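Given next are the chains, with one letter for each unit.
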Amino acid sequence: MEQSIFNKTEGDINLTEERARWQETFLSPHAKELLEEDSRYFLHQALSTPCLDPIAGAEGIYLIDEDGRKIMDFHGNSVHQLGYHHPALVRALQDQLSRLSFSPRRYSNRTATALAKKLCGLMPGGTGWKVLFTPSGAASNSIALKLARRATGKYKTISLWDSFHGANLDTITIGGEAHFRSGIGPLLPGCCHVFPYNSYRCIFGDCAGCGLKCVDYLEYVCRCEGDIGAIIMEPIRCTDVQIPPREYYRRIRRICDDYGILLIFDEIPTAFGRTGTMFAFENYDIDPDILVTGKGLGGSLYPISAIIAKESLDVCQDISLGHYTHEKSPLGCAVGLALLEYIEQEHLLEHVADLNALMERRAEKMKASLPAVGDVRLIGALLGIELVRDRETREKAVDEAEKILYRCLEQGLSFKISQGNVLTLAPPLIISEAELSRALDIVEEAIRSLT
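Reading the values: the criteria
Positions within a chain are numbered from 1, following the residues in the order the chain's sequence is written. Whole-chain, interface and lining totals are the exception, using all residues; otherwise, since this is a predicted model, local features are given only for residues with pLDDT of at least 70 and side-chain atom pairs are given and counted only at 80 or more. Heavy atoms throughout the structure, all of them, feed into the side-chain values; hydrogens and water do not. We call a set of buried residues a nonpolar core when its members are Ala, Val, Leu, Ile, Met, Phe, Trp, Tyr or Cys and they connect through side-chain atoms within 4.5 Å of each other. Using a 1.4 Å probe on the protein chains alone, a residue whose accessible area is under 20% of its type maximum counts as buried, one over 50% counts as exposed, and one in between counts as partly exposed. The way it works is that DSSP assigns letters per residue, a run of H or I at least four long becomes a helix, a run of E at least two long becomes a strand, and they are numbered from the N terminus. By the convention used here, residues are in contact when the closest approach between their heavy atoms is within 4.5 Å. Here a cavity means grid points, on a 1 Å grid over the protein atoms only, where a 1.4 Å probe fits yet cannot get out; a pocket means an open set of points with protein on both sides within 12 Å along at least five of seven lines; lining residues are those with an atom within 4 Å of a point. Grid points are joined across faces, edges and corners, and a volume is the space filled by probe spheres set on the points. Throughout this entry, Asp, Glu, Lys and Arg are counted as charged residues, while Ala, Val, Leu, Ile, Met, Phe, Trp, Tyr, Cys and Pro are counted as nonpolar. The remaining residues, Gly among them, count as polar. Along the chain, pLDDT gives the predictor's confidence residue by residue, from 0 to 100. Side-chain rings of Phe, Tyr and Trp (the six-membered ring for Trp) are treated as a pair once their centres are within 6.5 Å; stacked means planes under 30 degrees apart, edge-to-face means over 60, and tilted covers the remaining angles. Remark: a charge is flagged as sitting over a ring if the NZ atom of Lys or the CZ atom of Arg is within 6 Å of the ring centre and within 35 degrees of the ring normal. To estimate the expected span of a helix, count its residues, drop one, and scale the result by 1.5 Å. By the convention used here, strands pair only if DSSP detects at least 2 bridges between them. Note on definitions: angles span 0 to 180 degrees between N-to-C directions of axes, and those axes are lines fitted to C-alpha atoms, for helices only across the stretch in contact.

Moving on, we get to the nonpolar core. In this structure, Tyr-248, Phe-272, Ile-385, Phe-415, Leu-423, Val-443 and Ile-447 are the most contacted members of the largest nonpolar core, which totals 112 residues. At eight residues, the largest contribution of residues to this core is made by helix H10 (residues 330-345). Those residues in contact with Ile-385 that sit more than four places away from it in its chain are Met-366, Val-373, Asp-375, Val-376, Asn-421, Val-422, Leu-423, Leu-425, Val-443 and Ile-447. In this structure, Ile-268, Leu-313, Cys-316 and Leu-321 belong to the second largest nonpolar core, which totals 19 residues.

Written out as C-alpha cells, the structure is:
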C-alpha cells in the first residue's frame with residue numbers, strides 16, 4: 001500500500017516496514033500471538049489495530065508489556081497527568097464503587113455535583129459557570145457545537161486546519177486532519193477552516209514579523225460570512241506543540257465580541273497542569289465562552305469529559321444536549337475530583353515549573369548541537385522537537401522521525417510523532433527530574449545517531 005506524508009500527520013501509523021521490522025526484532029512469539037489474536041477480532045484502523053505491542057500492566061510513568069519491558073510513556077493519549085494506577089485515584093474509585101457505582105440520568109448524586117462545583121470554581125471569577133459531563137471529549141465537543149447553535153441562532157463555525165477535536169462525524173468536520181476527513185463523504189455544512197498559527201511554518205512568511213496575518217484572515221472570514229456562531233480551537237495545539245503569543249488570542253477574543261461569536265476552547269488534551277497552569281487558556285489572560293476538557297480528567301481510570309459554559313448560555317432546558325447514559329457517573333466524577341484535589345494539595349503545578357526548566361535547558365542544547373533539530377517548542381511539560389533534513393529549506397525529516405521513535409522504544413521510551421516530523425514529548429506530570437533526564441538522554445542519542 002502506497003504511503004504518503006499525510007497519513008502520518010496525526011501519529012505513527014501501523015502499516016510501515018519500520019513498524020514490522022521493530023516487531024519482528026523485539027517481540028517474543030507469545031507477544032506476536034497476542035497481537036495476531038487482537039488483529040483477528042478488532043476492526044483495523046491506521047493508528048491502532050493492528051497494534052504495536054501487547055501490554056500487561058501500567059504503573060506510574062511506565063507501561064509494562066507482555067515481555068516484561070518497562071516503557072516510559074510520554075504519549076499516554078493525554079490521560080496520564082498523574083501517570084497510571086495512581087494510588088489517590090485508585091482509592092477514590094474503589095471508595096466510590098463501594099458506595100454508589102451508577103446514577104441514572106434523572107437522579108442527582110453528590111459526587112457528580114461536587115466535581116461540577118469544583119470545576120466551576122476553577123474558572124475565572126469562580127462563579128457564573130455551569131457544567132455537563134459526557135463519556136468522551138468528542139461527545140463534549142458535539143454538545144458545545146449544539147449549545148452554540150442554540151445560544152446564537154447561527155450554525156456556522158470557524159476552526160483550524162491541522163486541528164483535532166474528536167473522531168465523530170461532526171468533530172472530524174470541524175477538525176482539520178486529512179487523516180480523519182478524507183474518503184468519508186459529505187461532512188457537516190457551515191464549517192469554515194482557516195490556517196492555524198504556526199511559528200515555524202507560517203504560510204504568510206516569517207511569523208515573527210507578519211503582524212499575525214492569520215488573525216487578519218480569520219477576521220476577514222468572519223466579515224465575509226457574517227453569521228458565524230462559534231470559533232472553536234485548541235488554545236495550544238497539543239500534538240505538534242503550537243504556542244501562539246498572547247496577542248493572538250486577545251485579538252480573537254475581540255473579534256468574537258465584535259461579531260457576536262462564541263469562543264470555544266478545546267482543552268481535552270491540555271487541561272489540568274500540562275501547560276503549567278490548571279487550564280491552558282490561563283496562559284493568555286482571556287476567557288472562553290465554552291471550555292471543553294476530557295482525557296486527563298479521568299486519570300487514565302475512567303472515561304469522562306466535561307463542557308464548562310458561561311451561565312448565560314444555559315438556554316436549552318427544552319431539549320437534550322447530551323442525554324448520555326453515564327452523564328453523571330459517580331465513578332468518573334470521583335476520579336476527576338480526586339485528580340483536581342491532588343494537583344492542588346501536592347502543588348503539582350510547581351513541580352511542572354521545575355520540569356519545564358529542565359526541558360528548556362535540554363531542548364535548547366539539542367537545538368544548538370544537532371543540525372536535524374529545526375525547532376523546539378515548549379510550554380509547561382509539553383515539548384515539541386521538529387526534525388528537518390535541512391535547516392535552510394526546512395524539509396521535513398519524516399522517515400528519520402519514525403526511525404527515532406523505534407530506536408527510543410528499544411531503549412524504553414514511548415512518545416508521539418505529529419505532522420510526520422515532530423517528536424511530541426508529554427511526560428506524566430509526576431515524573432522525577434532524574435527520570436525526565438534519562439528520557440531526554442534517550443531522545444538526544446537517537447537523534448544524534450539517526451540523522
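And the narrative resumes.
This paragraph deals with empty space enclosed by the protein. Enumeration according to the criterion identifies three cavities of 30 Å³ or more in this entry. Of the pockets and cavities examined, the largest cavity occupies roughly 170 Å³. For the largest cavity, the lining is made up of 17 residues, of which Leu-160, Pro-196, Tyr-197, Arg-237 and Gln-242 are closest to its centre. Of the residues in the lining of the largest cavity, the class split is ten nonpolar, three polar and four charged. For the second largest cavity, the calculated volume is near 60 Å³. The wall of the second largest cavity is formed by Leu-145, Ala-148, Arg-149, Lys-154, Tyr-155, Lys-156, Thr-157, Leu-188, Cys-191, Gly-229 and Ala-230.

Turning to the confidence of the model for the chain, a few remarks are in order. For the chain, the mean per-residue pLDDT works out to 95, and 98% of the residues sit at or above 70. A low-confidence stretch, residues 1-6 (pLDDT under 50), is modelled with six contacts involving residues beyond four sequence positions or located in other chains.

Moving on to the packing of aromatic side chains. Tallied over the full model, the rule gives ten aromatic pairs. Ring geometry for Trp-22 versus Tyr-406: centroids 6.3 Å apart, planes at 40°, classification tilted. Placement of the pair is Trp-22 in helix H1 (residues 17-26) and Tyr-406 in helix H12 (residues 398-410), with a sequence separation of 384 residues. Each of the two residues, Trp-22 as well as Tyr-406, counts as buried. A network of ring pairs unites the aromatic residues Tyr-197, Tyr-248, Tyr-249, Phe-265 and Tyr-284 as a single cluster. Sitting over the ring of Tyr-62, Lys-70 keeps its end group 4.3 Å from the ring centre. Lying over the aromatic face of Tyr-200, Arg-394 brings its terminal NZ or CZ to 4.2 Å of the ring centre.

Take unusual backbone geometry next. Backbone torsion omega between Thr-49 and Pro-50 reads -5°, so that peptide bond is classified as cis. Within the secondary structure, Pro-50 is located in the loop between helix H2 (29-41) and strand E1 (55-59). Non-glycine residue Lys-295 carries a positive phi angle of around 45°.

Turning our attention to the layout of surface pockets. In this structure, the second largest pocket spans a volume of roughly 820 Å³. Contributing to the lining of the second largest pocket are 28 residues, with Val-131, Leu-132, Asp-314, Glu-327 and Lys-328 lying nearest its centre. Broken down by element, the lining of the second largest pocket gets its largest block of residues, five residues, from helix H4 (residues 110-122). Looking at the lining of the second largest pocket residue by residue, the classes come out as 14 nonpolar, seven polar and seven charged.

Over its 18 residues, helix H13 (residues 433-450) extends 26 Å from the first C-alpha to the last, a length consistent with the 26 Å expected when each residue adds 1.5 Å. Residues of H13 that are buried include every one of Leu-436, Ala-439, Leu-440, Ile-442, Val-443, Glu-444, Ala-446 and Ile-447, and no others.

This paragraph deals with the sheet that holds strand E5 (residues 156-160). Across a sheet, strands are paired by hydrogen bonds formed along the backbone, either parallel or antiparallel in direction. Strand order across the open sheet formed by seven strands is E4-E10-E9-E8-E7-E5-E6, with mixed pairing between neighbours. Of all the strands in the sheet, just strand E4 (129-134) and strand E6 (191-194) have a single pairing partner and so form its edges. Looking at each pair of strands side by side, their axes are set apart by 20° on average, direction ignored. Both E5 and E6 contribute to a ladder of four bridges, which runs parallel. When the sheet's bridge partners are listed, Ser-159 is paired in E6 with His-193. Together, E5, strand E7 (228-233), strand E8 (262-266) and strand E10 (305-310) form the strand contacts of helix H9 (residues 246-259), whose direction differs from that of E8 by roughly 140°.

This brings us to H9. Across its 14 residues, H9 extends 20 Å between first and last C-alpha, which sits within 8% of the 20 Å expected from 1.5 Å per residue. Within H9, the full set of buried residues consists of Tyr-248, Tyr-249, Arg-251, Ile-252, Arg-253, Ile-255 and Cys-256. Looking at the buried positions of H9, the neighbouring elements they touch are E5, helix H8 (213-225), E7, E8 and E10. Downstream of H9 by a residue or two, Gly-260 has a phi angle that is positive, lying close to 65°.

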